[in-house]
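Chains, contacts and geometry: an overview
Single-letter residue listing:
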Amino acid sequence: MTPTDSAVIPTAGPLEDAHAQLAAAARHLQVNEGIHEMLARPRREMQVSVPLRRDDGSIAVYEGFRVQHNFSRGPAKGGLRYSTAVDLDEVRALAMWMTWKCALVDVPYGGAKGGIAIEPRDHSASELERVTRRYTSEILPIIGPEVDVPAPDIGTDEHTMAWIMDTYSIAMGHTVPGVVTGKPVSLGGSLGRASATSRGVTHIALLAMAGRDMDPHQTTAAVQGFGKVGRDTARFLAAAGVKVIAVSDVDGAVYSEHGLDITHLSDHADETGSVAGYEHGEAIDPRSILLLDVDVVVPAAVEGVLTADNADKVQARIVVEGANGPTTKDADAILADKGVLVVPDILANAGGVTVSYFEWVQAHQAFQWSETEVNSRLEDKMTKAWHDVVGYASGHGMSYREAATALAVHRVIEAHRLRGLYP
Ligand code: NAD
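In short, a report on the structure.

This part covers the overall build of the protein. Counting secondary structure elements, the protein contains 13 helices and 12 strands. Scaling as 2.2 N^0.38, a compact globule of 423 residues should have a C-alpha radius of gyration of about 22 Å, and the protein matches this with 20 Å. In terms of overall dimensions, the protein has C-alpha extents of about 55 × 55 × 45 Å along its principal axes. Of all 423 residues assigned to the protein, the portion counted as buried reaches 56%. Taking the intrachain contacts of the protein between residues at least 6 apart in sequence as the baseline, contacts between residues at least 24 apart amount to 67%. Split by element, the accessible area of the protein, about 17,300 Å² in all, is 51% carbon and sulfur.

Take a look at the structure:
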């Protein structure tokens, strides 16, 4: 079967988009069909049933996945997602994007992703701990600091990582901090990791504004998602002078033409669990958040939110992809026609995996870096990746997504070429 065989690739969804992006890069780089085929398929996949004894004594069973797309440049690396939308194809797409992201920011990893098809908000902390420990024990044979290193994603956090680390460490008979990143700082997590993705999104957003001669103090933005990525992105953008006039989460959206007070709004979200009901903003339809009359939009929630159905209504000049895969390939084409700059996920949100790499290095060194050092190294990596992408895009007349993917695919193929094909 060829990499474009419709029996292998679904006809819609994130995996189709990921394959289309790889195919475009393969055409541009004149990659031979065999190598393209290798890159189109994950190196290893594990699907597990995860039984959970609920607090009331009943048993529920969830599907869990871990997909390792590539190891050519180093151990597999990628987040763990808890959401009812998780399925194998979504995890495959996210794992492939992790491979390109790690190569683009030049950290020595391949790509992976994991997930459990569970709604975390329906479970107590002790149920989430049990399901996490059971999932970890099921995938234990294929994770480890030199094999595959999970991190937080949608619906998971530093507590999830602490439980994975503890479960893995008990099985090994000694503490293994390097098996996960995004751990609590008191357990060997890195200073600056919790806000690293948002900090990176903000660096890239400011570079994109500068590239279009936009003054942050004269710029408005809307952010979709108010979780680990969206919330601090809104905060950092506001701190840089950008007027953040709307934010949303799964329960609602709030708007203020004068700019939202993100710190105050965060307190409200902490108290109530949502941005909805915030009294110093107007409630708006969450589906309109990316279509508002603003200069910059940051989708920072889930994939597939900018589609052929709404992309022509985008009014912003710049889309900065805080989320993975928020723009479908059809929407990408529409936005390009409209002259909207789309800064791709594998560049825009790579700050998280960059500081995850720093956390892994610190675990190996058994030495903690200062937050200033972490943030400064993060800025260096993001700025270098930005200039690599912009230079490649202008040199080859490509979109930033095409350029970022081509650069990353080239680096992965180069590692593969140097290592050779075994046997
Ligand atoms: P999170 O679970 O902390 O937050 C997700 C946010 O999105 C929440 O505010 C939730 O209410 C909102 N949301 C969920 N479904 C939604 C929907 N259908 N419409 C609107 N809002 C919705 O997750 P996160 O870690 O912030 O991840 C967000 C995105 O960023 C994901 O695409 C993730 O893969 C990507 N990402 C995360 C990191 C990281 O370090 N956490 C790094 C890189 C990329």
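Our focus in this paragraph is the packing of aromatic side chains. This structure, assessed with the given rule, holds 6 aromatic pairs. Considering the side-chain rings of Tyr357 and Trp360, the 6.2 Å spacing of their centres and the 40° angle between planes classify their relative orientation as tilted. Placement of both Tyr357 and Trp360 in helix H11 (residues 351–365) is noted, with a separation of 3 residues, approximately one turn of the helix. Looking at Trp360, the relative accessible area reads 11%, which means it is buried. Residues Phe358 and Trp369 carry aromatic rings whose centres are separated by 5.3 Å and whose planes lie at 40° to one another, so their mutual orientation is tilted. One end of the pair, Phe358, is in helix H11; the other, Trp369, is in the loop between H11 and helix H12 (371–396), with 11 residues separating them in the sequence. One exposure class covers both Phe358 and Trp369, and it is buried. Among the aromatic residues, ring-to-ring pairing joins Tyr109, Tyr357, Phe358, Trp360 and Trp369 into one connected group. One residue, Arg377, lies across the ring of Trp369, its end atom 4.7 Å from the ring centre.

Turning next to helix H4 (residues 125–139). With 15 residues, H4 extends 21 Å from end C-alpha to end C-alpha; this agrees with the ideal 21 Å at 1.5 Å per step. Buried residues along H4 sit against strand E1 (44–53), strand E2 (59–70), strand E3 (76–82), strand E4 (111–116) and helix H5 (158–172).

Take the layout of surface pockets next. A volume near 430 Å³ is recorded for the second largest pocket. Contributing to the lining of the second largest pocket are 18 residues, with Asp332, Ala336, Ser399, Arg401 and Glu402 lying nearest its centre. Mapped by element, the contributors of at least two residues to the lining of the second largest pocket are helix H1 (14–29), helix H9 (329–338), strand E12 (341–343) and helix H13 (400–419). Element by element, the count of residues in the lining of the second largest pocket is highest for H9, at 5 residues. In the lining of the second largest pocket, the residues fall into 9 nonpolar, 4 polar and 5 charged. Structurally, the lining of the second largest pocket is a two-domain feature, drawing no fewer than three residues from each of domain 1 (1–41) and domain 3 (196–348).

Attention now goes to the nonpolar core. Counting residues in hydrophobic clusters, the biggest one holds 79 residues, and the most contacted among them are Trp100, Leu237, Val247, Ile318, Val320 and Val343. Here this core takes 9 residues from helix H3 (residues 88–104), the largest share from any one element. Dropping the residues within four chain positions of it, Val320 is found in contact with Val201, Ala205, Val296, Val297, Val298, Pro299, Val343 and Ala348. Val48, Ile118, Ile143 and Val180 belong to the second-largest nonpolar core, a separate cluster that totals 24 residues.

Right, let's get into the side chain of Arg81. Residue placement: Arg81 occurs in strand E3. At 2.6 Å, the side chain of Arg81 and the side chain of Asp153 are in polar contact. If we ignore the near neighbours within four places in the chain, the residues touching Arg81 are Val86, Glu90, Leu94, Gly114, Gly115, Ile116, Asp153, Ile154, Thr156 and Glu303.

Time to look at the pattern of salt bridges. A full pass over the atoms with the stated rule returns 28 salt bridges. Note that Glu90 is salt-bridged to Arg81, the shortest N-O span being 3.1 Å. Each of the two residues, Glu90 as well as Arg81, counts as buried. Its salt-bridge partner being Arg401, residue Asp332 comes within 2.5 Å of it at the nearest N-O pair. One end of the pair, Asp332, is in helix H9; the other, Arg401, is in helix H13, and 69 residues separate them in sequence. Each member of the pair Asp332 and Arg401 is classed as buried. Linked through salt bridges whose partners overlap, the residues forming this network are Arg81, Glu90, Lys113, Asp153 and Glu303.

The rules behind each value
- Along every chain, residues carry numbers that run from 1 in the direction the sequence is written.
- Totals for whole chains, interfaces and linings use every residue, but because this is a predicted model, local features are given only for residues with pLDDT of at least 70 and side-chain atom pairs only at 80 or more, for both listing and counting.
- For side-chain calculations, the full set of non-hydrogen atoms in the structure is used, while hydrogens and water are omitted.
- Runs of E in the DSSP output that reach at least two residues are strands. Runs of H or I that reach at least four are helices, and both are numbered from the N terminus.
- Computation of the radius of gyration draws on C-alpha atoms alone. For the globule rule, the value is 2.2 Å times the number of residues to the power 0.38.
- Between buried and exposed lies partly exposed: a residue is buried under 20% and exposed over 50% of the maximum accessible area for its type, with that area taken using a 1.4 Å probe on protein chains only.
- A contact between two residues is defined here by any heavy atoms of the two lying within 4.5 Å.
- What sets the accessible areas is the Shrake-Rupley method with a 1.4 Å probe; for residues, cover comes only from the shown protein chains.
- Only the six-membered ring of Trp is used, alongside the rings of Phe and Tyr, when aromatic pairs are assigned; centres must lie within 6.5 Å, and planes under 30 degrees apart are stacked while those over 60 apart are edge-to-face, with the rest tilted.
- Here, a charge over a ring is recorded when the distance from Lys NZ or Arg CZ to the ring centre is within 6 Å and its angle to the ring normal is within 35 degrees.
- Between the first and last residue of a helix there are one fewer steps than residues, each counted as 1.5 Å, and that sum is the expected span.
- Here a cavity denotes grid points, spaced 1 Å and computed from the protein atoms alone, that fit a 1.4 Å probe unable to get out, and a pocket denotes an open set having protein on both sides within 12 Å along at least 5 of 7 lines; residues with an atom within 4 Å of a point are the lining.
- Grid points are joined across faces, edges and corners, and a volume is the space filled by probe spheres set on the points.
- Gly counts as polar in this scheme, as do all residues outside two lists: the nonpolar Ala, Val, Leu, Ile, Met, Phe, Trp, Tyr, Cys and Pro, and the charged Asp, Glu, Lys and Arg.
- Each domain's extent was defined by an automatic or database domain assignment.
- In plain words, nonpolar cores are sets of buried Ala, Val, Leu, Ile, Met, Phe, Trp, Tyr and Cys residues tied together by side-chain atoms within 4.5 Å.
- Distance and chemistry together define a polar contact, namely a pair of N or O atoms within 3.5 Å, with one atom able to donate a hydrogen and the other to accept it when in protein, and with adjacent residues in sequence counting only for side-chain atoms on both sides.
- Any carboxyl oxygen of Asp or Glu within 4 Å of a side-chain nitrogen of Lys or Arg constitutes a salt bridge here.

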